Amino acid sequence: MYRITGDDWDNWKDVSTHFTVTSAFAAANKIGATGLRGKSWPDLDMLPFGWLTDPGVNQGPHRPCNLTFDEQKAQMTLWSMAKSPLIYGGDLRHLDNSTFSIMTNPTLLKINYYSKNNMEFHYVSGETTSNTRHSGHLSPRYPVNPTKHDGMVVGLTSCTNDQANGWFVFPQDGKSDHICRIYETENGKNVSFCLGKTKPLLASDDDIMEKEEDQTKFHLAVADINDSCLDASASRRRTASEVKLLMFSRCKWHARQMWELNDKGNLVSSYSRLCATVESSKEAGITGARAWIATGSKGEIYLAFFNLDSVSRKITARISDLEKVLGTTFVRKHSCSCSEVWSGRNLGLLEE
C-alpha cells in the first residue's frame, strides 16, 4: 500500500478531490497491479467518520464527523471501488450504529477485497450536467498571451487523459523558451499558462541522475521568482483539497523537478511518469456526475454513480457501454438483473 493523496479530513472538498487522482491510478493499472501479483493498494487515506478531533489538535476527540450521511456513503463507495485500504480515523470507543453500518457494509467489503477491473466508467450522463471542461486537444496556432499565475491550479493525471494534452513550446526571442498550455477562452481571447524552460545545473547529491539520460529533460521556472522550479512533490503535508496548488521549491537536479514534453503534447513528470494539467481555479472544483465499475468473483458487475455537487441529477448509463468497456465475458445480453447496494432494494430486470 502507498499513499497517493494529501491528508483526508471530513469535508466534502477533501473527499471530492480523490476522484481525479484515483481515476489516474486506475488508468495506469496500479490497482491490483499484476506485476505485484495483484497486491497493489493505492491508499486514499483514512475514513474520517464518527467521533473526531481537528487537524493538528492533540486533544479530543470532541466532535462528530462533518460529512453528511450521503457523503460518508459516497466516500466509502469510492474507497471500496478503488480497493483502497480501509483505515478508520475516528474513535472506536464512541462508535455509533450509523457509522458502523457504513464501514461494515458486506457488499462494499466484498468489492474492496475481491473485485477486479476497477476503473472510472466514463460513459455516464446526467440530465443537468454541462461540460465546462476542455477536451485538451489544443494547439499553439492561436496567439499566446502569457498571464500571471494567480488563480491557477496544476495537477497530475494519467497521460492517457485528454486533459493532459495541449502543452507546447512557445519560443522567446533571445530568451529561454516557454512551455505553455492554452486553458481558457475569455471574450474571444486565448489565455495561456506558461513556465520558463531552463536546463538545470549539475549538483553532487544523492538525487543526481545520469547526464546522458536527461538530454530531453528540463526545469520549469517562474520568471519573476528567483531559483524556484515546478516540483512534482509537496514540501509539506497537504490536505487532499490542497494537492492541486502550484508546488515550487528551490531548483535542484533531481527527478521531482524534471519534466519532458513529448510529441503528443504531454508534459511528463520524470518523478511519477504522470502528466501535468492546468486549469483556472474557477473551474477547479470537482463537480458533476461520475461513475466507477468493477467486476466480482462470480462475474457480477458493480456500477457506482456519484453526484459530486448539490445540483440535482438523474444519472444514467447504457448496458451496451458496459459491454464496450468490459467485453462480452461479463455482458452477454442487453438486460441486467439489478439491485441497489446501500438499500438492498431489488430493481428487477432492466433492459436497454
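Residues numbered from 1 in each chain as written. Predicted model: local features only at pLDDT ≥ 70, side-chain atom pairs only at ≥ 80, totals over all residues. Heavy atoms only, no water.

Chemist: Run through the pairing of strand E20 (residues 335-339), naming residues and quoting values.
Modeler: As judged from the five bridges shared by E20 and strand E21 (residues 346-351), these two strands associate in the antiparallel manner. In the strand pairing of E21, Cys338 is matched with Gly348. Linking E20 back to E21 in an antiparallel pair, the connection comprises six residues, with Gly344 at a positive phi of about 80 degrees. (Pairing = 2+ DSSP bridges. Helix = DSSP H or I, 4+ residues; strand = E, 2+ residues; numbered from the N terminus.)

Chemist: An account of the side chain of Ser115 is requested, with residue identities and associated values reported.
Modeler: Residue placement: Ser115 occurs in the loop between helix H5 (106-114) and strand E5 (116-120). The class for Ser115 is buried, based on a relative accessible area of 1%. Of note is the side chain of Ser115, whose polar atom sits 2.8 Å from the side chain of Asn118. With sequence-adjacent residues up to four places away left out, Ser115 is seen in contact with Lys83, Lys110, Ala294 and Thr295. (Buried < 20%, exposed > 50% of the residue type's maximum accessible area, 1.4 Å probe, protein only. Polar contact = N/O pair within 3.5 Å; in protein donor to acceptor, adjacent residues only side chain to side chain. Contact = heavy atoms within 4.5 Å.)

Chemist: Describe the packing of aromatic side chains, naming the residues involved and giving the relevant values.
Modeler: Applying the stated criterion across every chain, the model contains four aromatic pairs. With 4.8 Å between their ring centres and 75 degrees between their planes, Tyr113 and Tyr114 make a pair best called edge-to-face. Arranged with centres 5.8 Å apart and planes meeting at 55 degrees, the rings of Phe121 and Tyr123 form a pair that is tilted. We classify Phe121 as buried; its relative accessible area is 1%. Take Tyr123: its relative accessible area is 37%, and that puts it in the partly exposed class. (Phe/Tyr/Trp six-rings, centres within 6.5 Å; stacked < 30°, edge-to-face > 60°.)

Chemist: Pulling in residues and values, what's your account of helix H2 (residues 18-27)?
Modeler: Counted residue by residue, H2 has nine buried out of ten residues, so it is predominantly covered. Residues of H2 that are buried include every one of His18, Phe19, Thr20, Val21, Thr22, Ser23, Ala24, Phe25 and Ala26, and no others.

Chemist: How would you sum up the packing of helix H3 (residues 69-81) against H5? Please name residues and give values.
Modeler: Interhelical geometry of H3 versus H5 gives an angle of 30 degrees and a closest axis separation of 7 Å. One finds that H3 runs roughly parallel with respect to H5. Residues Met76, Thr77, Trp79, Ser80 and Met81 of H3 form the contact with H5, whose participating residues are Leu108, Leu109, Ile111 and Asn112. Split by residue class, the contact of H3 with H5 holds six nonpolar, three polar and no charged. (Axes fitted to C-alpha atoms, helices over the stretch in contact; angles between N-to-C directions. Parallel < 35°, antiparallel > 145°, perpendicular 65-115°, else oblique. Nonpolar A, V, L, I, M, F, W, Y, C, P; charged D, E, K, R; others polar.)

Function cannot be read off these values alone, since they describe shape.
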